[in-house]
Structure formats: C-alpha cells, structure tokens
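Structural overview for review
What follows is the residue order along each chain.
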Amino acid sequence: MVTIRLTRRGAKKTPFYHIVVTDSRTRQGGMTLEQLGFFNPIPTGKQRRLELKLDRVDYWVSKGAKPSERVAELVKTHRKQQAAAA
C-alpha cells in the first residue's frame, strides 16, 4: 500500500518535515516515490510553514494512496488557505 506521510529532517530541537509518498512497508527515513512538499512547525522570520503540491496529492490519492492523519490535516489546512487567498 502506498502512503503519504511525514519524514523528519532538520537538526536537534529544530524539526523540519518533508511530505513524501512512500510504500507503507519502508521505514520512515527510507526510499520515497515522490516528495510533495514540506512542513516547518517552527518557522522563523520569513520562512514558510507549509508548502504542498495539491495537484500531486490529488493524483496520488486518486491512485489509492492513503495520507496519514497529520498529512490529511495539513492538506485540509492548505486547501483552506488557498481558498482564502483566491
């Protein structure tokens, strides 16, 4: 099964996550099929908190990929932000 999940990057006490498409059987930091964006829970200055390719998320979901709970929440938030900006 293919999943859309977060994989942690960044230094100690400064988390940074990539939103990736991967096989559910691989370990968290393992090989990925595609990187869809990033999530920075602690942005500083002019750094962006969330960047996401919604068209690719929709593509993978249409192919049967299941997002994790946190990724589903982030996608929902990003869609609301896009609608408010338009």
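How each quantity is defined
- Residues numbered from 1 in each chain as written.
- Predicted model: local features only at pLDDT ≥ 70, side-chain atom pairs only at ≥ 80, totals over all residues.
- Heavy atoms only, no water.
- Buried < 20%, exposed > 50% of the residue type's maximum accessible area, 1.4 Å probe, protein only.
- Pairing = 2+ DSSP bridges.
- Helix = DSSP H or I, 4+ residues; strand = E, 2+ residues; numbered from the N terminus.
- Arc of directions from axis to C-beta.
- Contact = heavy atoms within 4.5 Å.
- Salt bridge = Lys/Arg side-chain N within 4 Å of Asp/Glu carboxyl O.

1. A closer look at unusual backbone geometry
With the exception of glycine, the majority of residues adopt a negative phi angle, and the majority of peptide bonds are in the trans configuration. Despite not being glycine, lysine 13 has its phi angle at roughly 65°, a positive value. Under the relative-accessibility criterion, lysine 13 is labelled exposed at 70%.

2. Section: the sheet that holds strand β4 (residues 50–52)
With respect to topology, 5 strands assemble into an open sheet ordered β4-β3-β2-β1-β5, the strand pairing being mixed. In the strand order of this sheet, the two ends are held by β4 and β5 (66–67), each with one partner. Note: strand β3 (residues 34–39) against β4, 3 bridges, orientation antiparallel. Residue pairing in the sheet places phenylalanine 39 in a bridge with leucine 50 of β4.

3. Things to note about helix α1 (residues 54–62)
Taken residue by residue, α1 has Leu54, Val57 and Trp60 as its buried positions. With its buried residues spanning 125° around the axis, α1 presents them on a single face. Set apart from the buried face of α1 by more than 90 degrees, the exposed residues are Asp55 and Ser62. Considering only its buried residues, α1 is in contact with β1 (2–11), β2 (14–23), β3, β4 and α2 (69–85). At the C-terminal side of α1, glycine 64 shows a positive phi close to 110°.

4. Examining the pattern of salt bridges
Taken as a whole and assessed by the stated rule, the structure comprises 5 salt bridges. With its nearest N and O atoms 2.9 Å apart, the salt bridge here joins arginine 56 to glutamate 34. Taken as a pair, arginine 56 in helix α1 and glutamate 34 in strand β3 lie far apart in primary sequence, 22 residues in all. With relative accessibility at 27%, the residue arginine 56 sits in the partly exposed group. Exposure remark for glutamate 34: the relative accessible area of 18% places this residue in the buried category. Residues aspartate 58 and arginine 79 are paired through a salt bridge, measuring 2.4 Å at the closest nitrogen-oxygen approach. Here aspartate 58, found in helix α1, pairs with arginine 79, found in helix α2; they are 21 residues apart in sequence, far enough to count as distant. Relative accessible area serves as the criterion here: at 37%, aspartate 58 is assigned to the partly exposed category. Relative accessible area serves as the criterion here: at 35%, arginine 79 is assigned to the partly exposed category.

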